[in-house]
Amino acid sequence: MSSETTFILGGARSGKSRFAEQSVVKSGLKPVYIATGRAFDDSMVDRIHHHRDRRGDEWTTVEEPLALVDALRQSSFPGSMILVDCLTLWITNLMMAEADVIKECAGLIEFLGGTQVPVVLVSNETGQGVIPDNAMAREFTDLAGSVHQEVAAACDHVYLVTAGIPQKLK
Amino acid sequence: MSSETTFILGGARSGKSRFAEQSVVKSGLKPVYIATGRAFDDSMVDRIHHHRDRRGDEWTTVEEPLALVDALRQSSFPGSMILVDCLTLWITNLMMAEADVIKECAGLIEFLGGTQVPVVLVSNETGQGVIPDNAMAREFTDLAGSVHQEVAAACDHVYLVTAGIPQKLK
Amino acid sequence: MSSETTFILGGARSGKSRFAEQSVVKSGLKPVYIATGRAFDDSMVDRIHHHRDRRGDEWTTVEEPLALVDALRQSSFPGSMILVDCLTLWITNLMMAEADVIKECAGLIEFLGGTQVPVVLVSNETGQGVIPDNAMAREFTDLAGSVHQEVAAACDHVYLVTAGIPQKLK
């Protein structure tokens, strides 16, 4: 039997990462943080440090911008619980690397179906604004929407966080 | 007595069309699809074909970018159920044609109040991102928001779809 | 004991202001409207007049683009109920004036914790679209998201309005 999976969506600065971290800490399991973000500018470095300080020392941090399923497999030791933050940056990184996002997503879905440790995945809701007028942003919005649907269908629990408040969608 | 009306809102690639199609198919009634989208580029052609393949042969498809209420009246035969996909493109087309969106919306609301066949209307939630800095996109956001309020008030049921999961708002 | 506080979030033209006004009117208390918006162009003037006409004569209107907490204190007479519309414009005005948004927000939170009159605050949800590609819009999105989290945590009730329909988040 596979372990529980949770998908947490929210807008920019909605409190989704904090809610996700609290869900993992509450479990009492050994927390593993898989960071998909790359520190490509100063504001990103600041944000990564801010998140790391908030989490504290008991977390194991793994940085993996692309090979997410490999990172998940390698972090799946008994007694652990994994937080992936976030799918939005993973999709962006895959697009930048000209990887096949749909195929990578299928691998993630397969992993989630059989995981032996609980996993929480965080992502940005980015599809509720005006359709962007540049082609890359539109392609991103379409891919992100598709991945979100697949991941939400595969997970046991789905939350949408607005202004720090989680709503349970599933 | 008029028949049931349903309004389904969702972000880009949120699964709103699929949820709408399933609602119509489940009814067992003869499904009519009113497409407001114009195939103005290849990606749009692909998407229209993708949607049509998913729906299958039992659907009657009507393409009408502007005269939506006329198309609704002409498709309202006994035993049918109509899906309109989507209001966002209809509003865009009306704006492009310099038509009076508010007046056209009033006609739609009047139709919905007296329809003899069940109708499902789909639209994009586009108002929850940063206010766009070009005037046309702002005007669109304002008009779409106004139309959504009117249609939601007029319909018996309203759903918001996020990551493929419908929430019942009304 | 402090009085009840309510935070109402919604997208552009989602019906959030109307829902907020109705909440205040229903109370039977003397309604005070604190407008943070500046009439910097004709469309803004029109919108302000439209809102004012809808509210009617029994409302006291206070215009304050920056010193929101001062305006709240001065409007807090016994028997009144205050509507602040909206935090989005307040944050924008503070950013334009190069004020410290986080510090101003802390002042607002302190006020809300001890207010002797009921207060309703309205704001735009702007964080659920694609991350904007200009730095100022990104900074705004981040600040607005942080303020929304703080205000939602401080308020007794939180609503999200979509297509005119309020959902109670808290």
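Structure: see above.
A.B. asks: Which residues make up the relation of the copies chain B and chain A, and what values go with them?
C.D. replies: Superposition of chain B onto chain A requires a rotation of 120° combined with a translation of 0.0 Å along the rotation axis, giving an RMSD of 0.0 Å. The superposition operator between the copies reduces to a three-fold rotation axis. Closest to the rotation axis within chain B is the C-alpha of G129 of chain B, separated from it by 2.3 Å.

A.B. asks: For the interface of chain B and chain A, give the residues involved together with the corresponding values.
C.D. replies: In this assembly, 22 residues from chain B lie in contact with 21 residues from chain A. Carbon and sulfur atoms supply 56% of the area buried between chain B and chain A, which totals about 1600 Å² over both sides. The largest share of the area that chain B buries against chain A comes from R13, A163 and I165 of chain B, three residues that together contribute 34% of it. Where chain B packs against chain A, one counts one salt bridge. The partner of R13 of chain B in a salt bridge is D142 of chain A, and the shortest N-O contact between them spans 3.7 Å. Counting across the interface, chain B meets chain A through six residue pairs in polar contact (both at pLDDT 80 or more). Secondary-structure elements contributing two or more residues to the side of chain B that touches chain A are α6 (135-154) and β7 (165-168) of chain B. For the side of chain B that touches chain A, the per-class residue count stands at five nonpolar, 13 polar and four charged.

A.B. asks: Break down helix α5 (residues 101-114) of chain C for me, citing the residues and quoting the values.
C.D. replies: Residue and element names in this part refer to chain C. Taking 1.5 Å per residue, 14 residues should reach 20 Å; α5 reaches 20 Å between its end C-alpha atoms and fits that length. Among the residues of α5, those classed as buried are V101, C105, L108, F111 and L112. Taken end-on, α5 shows its buried residues confined to a sector of 115°, consistent with a single buried face. Exposed positions of α5 whose direction lies more than 90 degrees from the buried face are K103, E110 and G113. Capping of α5 at its N-terminal end is provided by D100; its side-chain oxygen lies 3.2 Å from the backbone amide nitrogen of I102.

A.B. asks: Which residues make up the packing of helix α4 (residues 87-96) of chain A against helix α6 (residues 135-154) of chain A, and what values do they have?
C.D. replies: Residue and element names in this part refer to chain A. At a minimum axis separation of 10 Å, α4 and α6 run at an interaxial angle of 130°. Our classification of the angle between α4 and α6 gives oblique. Seen from above, α4 lies across α6 with right-handed handedness. Two secondary-structure elements touch here, α4 through L87, T88, I91, T92, M95 and M96 and α6 through M136, E139, F140, L143, A144, V147 and V151. The class makeup of the residues in the contact of α4 with α6 is 10 nonpolar, two polar and one charged.

A.B. asks: Please give an account of the sheet that holds strand β6 (residues 157-162) of chain B that cites residues and values.
C.D. replies: All names here are of chain B. Taken together, seven strands build an open sheet; the order of strands is β3-β2-β4-β5-β1-β6-β7 and the sheet is mixed. Looking at which strands have only one partner, the edges of the open sheet turn out to be β3 (60-63) and β7. Adjacent strand axes in the sheet meet at a mean angle of 20°, parallel and antiparallel pairs treated alike. The sheet contact formed by strand β2 (residues 30-35) and strand β4 (residues 80-85) spans six bridges and is parallel. Paired with P31 across the strands is M81, a residue of β4. On top of the sheet, α6 reaches β1 (5-10), β5 (119-124) and β6; it is set at about 145° to β1, its chief contact.

A.B. asks: Hey, could you go over the pattern of salt bridges for me, with residue numbers and the actual values?
C.D. replies: Residue and element names in this part refer to chain B. All told, the structure shown has six salt bridges over all chains when counted by the stated rule. In this structure, the salt-bridge partner of E21 is R54, at a minimum N-O distance of 3.1 Å. Note that E21 is positioned in helix α1 (residues 16-26) and R54 in helix α2 (residues 42-55), a separation of 33 residues in sequence. Take E21: its relative accessible area is 6%, and that puts it in the buried class. According to the relative accessible area criterion, R54 is partly exposed, its value standing at 32%.

A.B. asks: How would you summarise unusual backbone geometry if you had to cite specific residues and measurements?
C.D. replies: For the peptide bond that leads from D85 of chain B to C86 of chain B, omega is 5°, which places it in the cis range. Its place among the elements puts C86 of chain B in the loop between β4 and α4 (87-96). Phi angles above zero are rare outside glycine, and R13 of chain C is one such case at about 50°. By secondary structure assignment, the location of R13 of chain C is in the loop between β1 (5-10) and α1 (16-26).

A.B. asks: Let's hear about the sheet that holds strand β6 (residues 157-162) of chain A: which residues, and what values?
C.D. replies: All names here are of chain A. Strand order in the open sheet formed by seven strands is β3-β2-β4-β5-β1-β6-β7, and the pairing between neighbours is mixed. Both outer strands of the open sheet, β3 (60-63) and β7 (165-168), are each paired with one neighbouring strand and no more. Strand-to-strand, the axes of this sheet are offset by a mean angle of 20°, without reference to chain direction. Taken together, the six bridges between strand β1 (residues 5-10) and strand β5 (residues 119-124) define a ladder with parallel strand orientation.

A.B. asks: I'd like a rundown of the packing of aromatic side chains, residues and numbers included.
C.D. replies: Scanning the entire structure with this criterion turns up six aromatic pairs over all chains. Aromatic side chains Y33 of chain A and W59 of chain A sit 6.0 Å apart centroid to centroid with 80° between the ring planes, which places their arrangement in the edge-to-face category. Residue Y33 of chain A is located in strand β2 (residues 30-35), and its partner W59 of chain A is located in the loop between α2 (42-55) and β3; the two are separated by 26 residues in the primary sequence. Seen from the ring of W59 of chain A, R55 of chain A lies directly overhead, with NZ or CZ sitting 5.9 Å from the centre. R55 of chain C extends its terminal NZ or CZ atom over the ring of Y33 of chain C, reaching a point 3.3 Å from the ring centre.

A.B. asks: Which residues make up the interface of chain B and chain C, and what are the values?
C.D. replies: A common way to express how large an interface is: the accessible area buried when the components associate. Taken together, the contact pairs 21 residues of chain B with 22 residues of chain C. Roughly 1600 Å² of surface becomes buried between chain B and chain C when both sides are summed, with 56% attributable to carbon and sulfur atoms. It is Q128, V130 and Q149 of chain B in chain B that bury the most area against chain C; as a group they hold 42% of the surface buried on that side. In this structure, the connection of chain B to chain C is made through one salt bridge. Looking at the side of chain B that touches chain C, the elements that each hand over two or more residues are β1, α6 and β6 of chain B. Per-element accounting of the side of chain B that touches chain C gives the leading share, seven residues, to α6 of chain B.

A.B. asks: Can you tell me about the environment of I8 of chain A, naming the residues and giving the values?
C.D. replies: All names here are of chain A. Its place among the elements puts I8 in strand β1. I8 sits in the buried class, given a relative accessible area of 0%. Along the backbone, I8 and T61 are 53 residues apart, and their C-alpha atoms lie at a distance of 19 Å. Beyond its immediate sequence surroundings of up to four residues, I8 is in contact with K16, F19, A20, S23, V120, L121, V122, S123, Y159 and V161.

Parameters at a glance
- Residues numbered from 1 in each chain as written.
- Chains lettered and ligands numbered in written order.
- Predicted model: local features only at pLDDT ≥ 70, side-chain atom pairs only at ≥ 80, totals over all residues.
- Heavy atoms only, no water.
- Least-squares fit on C-alpha atoms with pLDDT ≥ 70 in both.
- Contact = heavy atoms within 4.5 Å.
- Buried area = accessible area lost by both parts, 1.4 Å probe.
- Salt bridge = Lys/Arg side-chain N within 4 Å of Asp/Glu carboxyl O.
- Polar contact = N/O pair within 3.5 Å; in protein donor to acceptor, adjacent residues only side chain to side chain.
- Helix = DSSP H or I, 4+ residues; strand = E, 2+ residues; numbered from the N terminus.
- Nonpolar A, V, L, I, M, F, W, Y, C, P; charged D, E, K, R; others polar.
- Expected span 1.5 Å × (residues − 1).
- Buried < 20%, exposed > 50% of the residue type's maximum accessible area, 1.4 Å probe, protein only.
- Arc of directions from axis to C-beta.
- Axes fitted to C-alpha atoms, helices over the stretch in contact; angles between N-to-C directions.
- Parallel < 35°, antiparallel > 145°, perpendicular 65-115°, else oblique.
- Left-handed = near helix turned anticlockwise from the far one by under 90°.
- Pairing = 2+ DSSP bridges.
- Phe/Tyr/Trp six-rings, centres within 6.5 Å; stacked < 30°, edge-to-face > 60°.
- Lys NZ or Arg CZ within 6 Å of the ring centre and 35° of its normal.

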